[in-house]
Amino acid sequence: MLQTRDVLLDLEKRVALVRGEPADLTRQEFDLLKLFVTRPGIVFSRTALITKVWGGDTYVTERTVDAVVSRLRRKIERDAQDPELILTAWGVGYKFVDVD
């Protein structure tokens, strides 16, 4: 189990709860959220996310990363247009909010 203020991940069951509510995540979304939750505050470049989440199994572009982050935000953020959990590091990539 991994837990932050708003996110609880059951790694064995691959279940995500956000603010106590289940989030229906794809494999990529869950793996991306897991990476973010385990390293709060660390900025990941899109290239690093491709390596860590997709592992080179398929051809993935930086735009694919942006699309998956966007979908994930729609599922876990209160307002995907004003994210509180997955933040953009402009010109670099993305990070999960620092732990309070």
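Being a predicted model, the structure only gives us computed values, none of them experimental.

### Considerations on the overall build of the chain
Per the secondary structure count, the chain includes three helices and seven strands. Moving toward the C terminus, one meets the helices and strands of the chain in the order β-β-β-β-α-β-α-α-β-β. Computed over its C-alpha atoms, the radius of gyration of the chain comes to 13 Å, within 12% of the 13 Å expected for a compact globule of 100 residues. Principal-axis analysis of the C-alpha atoms places the extent of the chain at approximately 35 × 30 × 20 Å. By residue count, 39% of the 100 residues in the chain fall in the buried class. Contacts in the chain between residues at least 24 apart in sequence constitute 48% of all its contacts with a sequence separation of at least 6.

### A short note on the sheet that holds strand S3 (residues 15–18)
Sheets are built from strands that pair by backbone hydrogen bonding, the pairs being arranged parallel or antiparallel. Spatially, S1-S2-S3-S4 is the arrangement adopted by the four strands of the open sheet, whose pairing is antiparallel. Of all the strands in the sheet, the pair left with one neighbour each is strand S1 (2–3) and strand S4 (21–23). With two bridges connecting them, S1 and strand S2 (residues 7–10) associate as antiparallel partners. The residue bridging Gln 3 from the neighbouring strand is Leu 8, located in S2. Sheet strands in contact with helix H1 (residues 27–38) are S1, S2 and S3, and its direction is about 115° off that of S2.

### Regarding the confidence of the model for the chain
Mean pLDDT for the chain: 93, with 97% of residues reaching 70 or above. Mean pLDDT values for the elements of the chain range from 90 in S1 up to 97 in strand S5 (residues 44–45).

### What to know about the packing of H1 against helix H3 (residues 62–76)
Packing of H1 against H3 leaves a shortest axis separation of 10 Å and a crossing angle of 80°. Taken together, the axes of H1 and H3 are roughly perpendicular relative to one another. Contacts between H1 and H3 involve Gln 28, Glu 29, Leu 32 and Leu 33 from the former and Val 68, Val 69, Arg 71, Leu 72, Lys 75 and Ile 76 from the latter. Looking at the contact of H1 with H3 residue by residue, the class counts come to six nonpolar, one polar and three charged.

### Thoughts on the sheet that holds strand S7 (residues 93–96)
Strand order in the open sheet made by the three strands is S5-S7-S6, with antiparallel pairing throughout. Strand pairing shows two members of the sheet lacking a second neighbour, S5 and strand S6 (86–89), which therefore form its edges. Relative to S7, S6 runs antiparallel, the two being bridged by four bridges. Residue Leu 87 lies in a different strand from S7, and its bridge partner there is Lys 95. Lying over the sheet, H3 contacts S6 and S7, oriented at roughly 145° with respect to S6.

### Points about the nonpolar core
Membership of the largest hydrophobic core comes to 28 residues, with the highest contact counts inside it found for Leu 33 and Phe 96. When residues of this core are traced back to their parent elements, those giving at least two are S2, S3, H1, helix H2 (46–54), H3 and S7. Tallying contributions element by element places H1 first for this core, with six residues. Among all residues touching Phe 96, those that are not within four sequence positions of it are Thr 4, Val 7, Leu 33, Phe 36, Val 37, Pro 40, Gly 41, Ile 42, Leu 85 and Ile 86.

About the cut-offs
- Residues numbered from 1 in each chain as written.
- Predicted model: local features only at pLDDT ≥ 70, side-chain atom pairs only at ≥ 80, totals over all residues.
- Heavy atoms only, no water.
- Helix = DSSP H or I, 4+ residues; strand = E, 2+ residues; numbered from the N terminus.
- Rg over C-alpha atoms; globule rule 2.2 N^0.38 Å.
- Buried < 20%, exposed > 50% of the residue type's maximum accessible area, 1.4 Å probe, protein only.
- Contact = heavy atoms within 4.5 Å.
- Pairing = 2+ DSSP bridges.
- Axes fitted to C-alpha atoms, helices over the stretch in contact; angles between N-to-C directions.
- pLDDT = per-residue confidence, 0-100.
- Parallel < 35°, antiparallel > 145°, perpendicular 65-115°, else oblique.
- Nonpolar A, V, L, I, M, F, W, Y, C, P; charged D, E, K, R; others polar.
- Core = buried A, V, L, I, M, F, W, Y, C linked by side-chain atoms within 4.5 Å.

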